[in-house]
Amino acid sequence: MNKIAVIGSGTMGNGIAHTFAQFGYEVNLIDVCQEALNKGLNTIGKNIDRQVAKGTLTEEEKTAALRRITTFTDLKTGVAEADLTVEAATENLELKLKIFRELDAYAKAGSVLASNTSSISITQIAAVTSRGSNVIGMHFMNPVPVMKLVEVIRGYATSDETTALVMELSRKLGKAPVEVNDYPGFVANRILMPMINEAIFSLYEGVAGVEEIDTVMKLGMAHPMGPLQLADFIGLDVCLAILNVLYKGFGNPKYAPCPLLVNMVMAGKNGVKSGEGFYDYARGTKEAQPAAKFLS
């Protein structure tokens, strides 16, 4: 497996492309417009510069990695020769189904089609293709070049061969793959998102403020980042989308998203990427918003 295609040049997509290129794979990075691709390449360049500054990569390795990435705005051309395609588009079911229908038509026979989805059913995605045995979940963690975990999700039809191939490929990227079965939220987000949601409820109900909630979890539970800051980092819109998948998939009210989260997403306050969430990032720093702003 030498040629990799990555669909989507946003936070996850450019991180996945960066990682594959760093480990010697030729990567086709695909998005709908060149502007998005240029932004993704710029991010990759900055992140590799950090690795060089830390001494984990040399200048020569940086140059070689960047040369391995080719950009495409045409999906058909970008995936035609790929041995593995990783879809890293927005966490939206209809968009993913559309992409996988196209991948089924354009990707070469025998190639593996993976989704970086953080919660959506791999079985449902695979069902719109004629190659369900070759469809799998490959859920990287953010930031991709740094985080070791890859959740490898087996859909109902995913073959043993495809699973073994993706597990081994993940190890070649210096990752620690964990095989899980296809249920809403898989393992990571089935556990993480209810915790984040409960932290938001604690804020919404006036139990404590933003910094207080995050400090309790950091110092009391040894979490490197508090749940509200983590929600901002993930994106509040992404957190809401995952909670809705959990709520719909299990039909259990414990997964119902907090009204505060719903309102913040409707208002466009999505965390770091929008400049405001539970913290204010407008001045290039992270400042907790006052608790009174969030009370029910």
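What you are looking at is a predicted structure, and each value in this text was computed from that prediction instead of being measured. (Residues numbered from 1 in each chain as written. Predicted model: local features only at pLDDT ≥ 70, side-chain atom pairs only at ≥ 80, totals over all residues. Heavy atoms only, no water.)

Mapped onto the elements of the fold, Glu276 is located in the loop between helix H12 (259-266) and strand E9 (279-280). The residues contacting Glu276, other than those within four sequence positions of it, are Lys269, Asn270, Gly271, Tyr281, Gln289 and Lys293. (Helix = DSSP H or I, 4+ residues; strand = E, 2+ residues; numbered from the N terminus. Contact = heavy atoms within 4.5 Å.)

A general feature of soluble globular proteins is that nonpolar side chains tend to end up buried together. In terms of nonpolar packing, the biggest core is built from 32 residues, with Ile16, Phe20, Val27, Leu84, Met138 and Phe140 touching the most fellow members. Leu203, Leu240, Cys258 and Tyr279 belong to the second largest nonpolar core, which has 25 residues in total. (Core = buried A, V, L, I, M, F, W, Y, C linked by side-chain atoms within 4.5 Å. Buried < 20%, exposed > 50% of the residue type's maximum accessible area, 1.4 Å probe, protein only.)

Moving on: the packing of aromatic side chains. Tallying each qualifying case throughout the model produces five aromatic pairs. Ring geometry for Phe20 against Phe140: centres 6.5 Å apart, planes inclined by 70 degrees, an arrangement best described as edge-to-face. One end of the pair, Phe20, is in helix H1 (residues 11-22); the other, Phe140, is in strand E6 (residues 135-140), with 120 residues separating them in the sequence. Among the aromatic side chains, those forming a connected cluster through ring pairs are Phe20, Tyr25 and Phe140. (Phe/Tyr/Trp six-rings, centres within 6.5 Å; stacked < 30°, edge-to-face > 60°.)

Here we take up the UniProt feature "site: Important for catalytic activity" (unreviewed entry) in the protein. Sequence positions flagged by UniProt for "site: Important for catalytic activity" (unreviewed entry) are, in local numbering, His139. Note that His139 resides in strand E6. For His139, the residues in contact, after removing those within four places along its chain, are Ser115, Asn116, Thr117, Ser118, Leu149, Val150, Glu151, Ile153 and Asn189. (UniProt positions renumbered as here; feature names shortened; annotations may be inferred.)

Here the focus is the state of the cysteines. Disulfides are covalent bonds that link the sulfur atoms of two cysteine residues. Tallied over the full model, the rule gives zero disulfides. With no disulfide of its own, Cys239 lies 12 Å from the sulfur of Cys258, the closest cysteine sulfur. (Disulfide = S-S within 2.5 Å.)

Relative to each other, helix H2 (residues 34-54) and helix H3 (residues 59-67) sit at 160 degrees, their axes nearing to 10 Å. One finds that H2 runs roughly antiparallel with respect to H3. Between H2 and H3 lies a crossing whose hand is right-handed. Touching Ile44, Gly45, Ile48, Asp49 and Val52 of H2 are Glu59, Lys62, Ala65 and Leu66, all from H3. (Axes fitted to C-alpha atoms, helices over the stretch in contact; angles between N-to-C directions. Parallel < 35°, antiparallel > 145°, perpendicular 65-115°, else oblique. Left-handed = near helix turned anticlockwise from the far one by under 90°.)

Attention now moves to the pattern of salt bridges. Counted by the stated rule, this structure contains twelve salt bridges. Here Asp83 ties to Lys108 by a salt bridge, and the two come within 2.8 Å at their closest N and O atoms. Of this pair, Asp83 sits in the loop between helix H4 (75-79) and strand E4 (84-87) while Lys108 sits in the loop between helix H5 (93-106) and strand E5 (112-115), placing them 25 residues apart in sequence. Members of the salt-bridge network, linked through shared partners, are Glu87, Glu91 and Lys96. (Salt bridge = Lys/Arg side-chain N within 4 Å of Asp/Glu carboxyl O.)

Contact geometry of helix H8 (residues 188-204) with helix H11 (residues 236-250) gives a least axis separation of 10 Å together with a crossing angle of 110 degrees. As far as their axial angle goes, H11 and H8 are roughly perpendicular. Seen along the crossing, H8 lies across H11 with a hand that is left-handed. Residues Asn189, Arg190, Met193, Pro194, Ile196 and Asn197 of H8 form the contact with H11, whose own contacting residues are Cys239, Ile242, Leu243, Leu246 and Phe250. Among the residues forming the contact of H8 with H11, the class breakdown is eight nonpolar, two polar and one charged. (Nonpolar A, V, L, I, M, F, W, Y, C, P; charged D, E, K, R; others polar.)

On to the side chain of Asn14. In this structure, Asn14 sits in helix H1. According to the relative accessible area criterion, Asn14 is buried, its value standing at 5%. Polar contacts involving the side chain of Asn14 include one to the main-chain carbonyl oxygen of Ser9, which spans 3.3 Å. If we skip the residues at most four places from it in the chain, Asn14 touches Gly8, Ser9, Gly40, Thr43 and Ile44. (Polar contact = N/O pair within 3.5 Å; in protein donor to acceptor, adjacent residues only side chain to side chain.)

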